Amino acid sequence: MSSLDDLYRRVIMDHYQNPRNRGTFDDALTINMNNPTCGDRIQLQLKIEDGIVVDARFVGEGCSISMASASMMTEAIKGQKVDEALKMADLFSRMMKGEDVEEELDELDLGDIEALSGVCKFPARIKCATLAWKAMQKGVSEPEETK
Ligand code: ZN
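About the thresholds
The numbering scheme is per chain: residues are counted from 1 as the chain's sequence reads. At least 70 in pLDDT is required for a residue's local features to be given in this predicted model, at least 80 for side-chain atom pairs to be given and counted, and no such filter applies to totals for whole chains, interfaces and linings, which use all residues. Only hydrogens and water are set aside; all other atoms, that is, all heavy atoms of the structure, feed into the side-chain values. Labels follow the DSSP assignment, with helices taken as runs of H or I lasting at least four residues and strands as runs of E lasting at least two, numbered in each case from the N terminus. Relative accessibility decides the category of a residue: with a 1.4 Å probe and only protein chains considered, values under 20% of the type maximum give buried, values over 50% give exposed, and everything between is partly exposed. Two residues form a contact once any of their heavy atoms are found within 4.5 Å. A strand pair is defined by DSSP finding two or more bridges across the two strands. A pair is scored as a salt bridge if a Lys or Arg side-chain nitrogen falls within 4 Å of a carboxyl oxygen belonging to Asp or Glu. Coordinating N, O and S atoms are those within 2.8 Å of the metal (3.2 Å for Na, K and Ca), and as water is not part of the atoms, a site may appear to have fewer donors than expected. Buried and open spaces are told apart on a 1 Å grid over the protein atoms alone, a cavity being a set of points where a 1.4 Å probe fits but cannot get out and a pocket being an open set with protein on both sides within 12 Å along at least five of seven lines. Residues with an atom within 4 Å of a point are the lining residues. Grid points are joined across faces, edges and corners, and a volume is the space filled by probe spheres set on the points. Structural elements are reduced to axes, namely lines fitted to C-alpha atoms, with helices fitted over the stretch in contact, and the angle between N-to-C directions of any two is expressed from 0 to 180 degrees. If an angle is under 35 degrees, it is roughly parallel; if it is over 145, roughly antiparallel; if it lies from 65 to 115, roughly perpendicular; otherwise it is oblique. Should the near helix be turned anticlockwise from the far one by less than a right angle, the crossing is left-handed, and should it be turned clockwise, the crossing is right-handed. Throughout, the ten residues Ala, Val, Leu, Ile, Met, Phe, Trp, Tyr, Cys and Pro are labelled nonpolar, Asp, Glu, Lys and Arg are labelled charged, and all others, Gly among them, are labelled polar.

> Any chance you could break down the environment of Leu 46 for me, citing the residues and the numbers?
Along the chain, Leu 46 falls in strand β2 (residues 40–49). For Leu 46, a relative accessible area of 1% gives the class buried. Distance from Leu 46 to Gly 139, taken between C-alpha atoms, is 7.7 Å for residues 93 residues apart in sequence. In this structure, Leu 46 is in contact with Ala 28, Leu 29, Ile 31, Val 53, Asp 55, Ala 56, Ile 77, Met 136 and Val 140, ignoring residues within four places of it in sequence.

Given below as structure tokens:
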């Protein structure tokens, strides 16, 4: 195992054990999503004002990849414009398909999310990594249905 893999694994475990933005809001856009393949479940809540994701929280249970990804995703999108958050989601899904996204990563900083880049080598886990992102995409693109 390379030292980069080792570093990434530690970042993932840190988010799994100390999830950021874990919790609920009394009143917010709420999206529930699950990944039956692995048994991951997530409830994501978003506060969107004037086209900006001002806050995000999640609760759920599942494997370390799904929970770490939710933690990283909420960190990344907080304070971002909805458009930017969607661009990040697109970039992440392409990263999971194994596409070369080095250049775009220079422009769009995904932060700790890069630690999940190795997941693309494990097709069975990709749905775990993208679950939180899919919930976010659904929430911002179909807000009326998720209220
Ligand atoms: Zn999973």
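Read on for the rest.
> Help me get a handle on the pairing of β2, residues and values and all.
Of the strand pairs in this sheet, strand β1 (residues 29–35) and β2 are connected by seven bridges, and their pairing is antiparallel. Residue Leu 29 lies in a different strand from β2, and its bridge partner there is Leu 46. Counting the residues that bridge the hairpin from β1 to β2 gives four residues, and of these Gly 39 lies at a positive phi of roughly 90 degrees. Pairing of β2 with strand β3 (residues 52–61) involves nine bridges; the strand directions are antiparallel.

> Summarise the pattern of salt bridges; cite the residues concerned and give the values.
On inspection of all chains with the given rule, the structure shows nine salt bridges. Of the charged contacts, one joins Asp 6 and Arg 9 as a salt bridge, the two residues approaching to 2.8 Å between their closest N and O atoms. One end of the pair, Asp 6, and the other, Arg 9, are both in helix α1 (residues 3–17), three residues apart, so they sit about a helical turn from each other. With relative accessibility at 47%, the residue Arg 9 sits in the partly exposed group. For the salt bridge of Asp 90 with Arg 94, the shortest nitrogen-to-oxygen distance reads 3.6 Å. Of this pair, Asp 90 and Arg 94 both sit in helix α3 (residues 82–96), four residues apart, which is roughly one turn of that helix. What makes Asp 90 partly exposed here is its relative accessible area of 39%.

> Give me the coordination of the zinc ion: which residues, what numbers.
In the first shell of the zinc ion, the protein supplies Cys 38 (SG), Asp 40 (OD), Asp 40 (OD), Cys 63 (SG) and Cys 128 (SG), at 2.2 to 2.7 Å from the metal. Binding-site remark: the zinc ion is held by donors from one chain whose sequence spacing is C-x1-D-x22-C-x64-C. Of this pair, Cys 38 sits in the loop between β1 and β2 while Cys 128 sits in helix α5 (residues 123–141), and the two are 90 residues apart along the sequence.

> Got a sec to walk through the layout of surface pockets? Specific residues and values, please.
Empty space within the largest pocket amounts to approximately 360 Å³. Arg 9, Ile 12, Gly 118, Val 119 and Phe 122 are, among the 15 residues lining the largest pocket, the residues nearest its centre. If you list the elements that add at least two residues to the lining of the largest pocket, you get α1 and α2 (64–77). Looking at the lining of the largest pocket element by element, the count peaks at five residues for α1. As a volume, the second largest pocket reaches approximately 260 Å³.

> Talk me through the packing of α3 against α5; I want residue IDs and the actual numbers.
Where α3 contacts α5, the two axes come as close as 10 Å, and the packing angle between them is 155 degrees. Taken together, α3 and α5 sit at an angle that is classed as roughly antiparallel. Note that α3 runs across α5; the crossing there is left-handed. Contacts between α3 and α5 involve Val 82, Ala 85, Leu 86, Met 88, Ala 89, Phe 92 and Met 96 from the first element and Ile 126, Ala 129, Thr 130, Trp 133, Met 136, Gln 137 and Val 140 from the second. Considering only residue class, the contact of α3 with α5 consists of twelve nonpolar, two polar and no charged.

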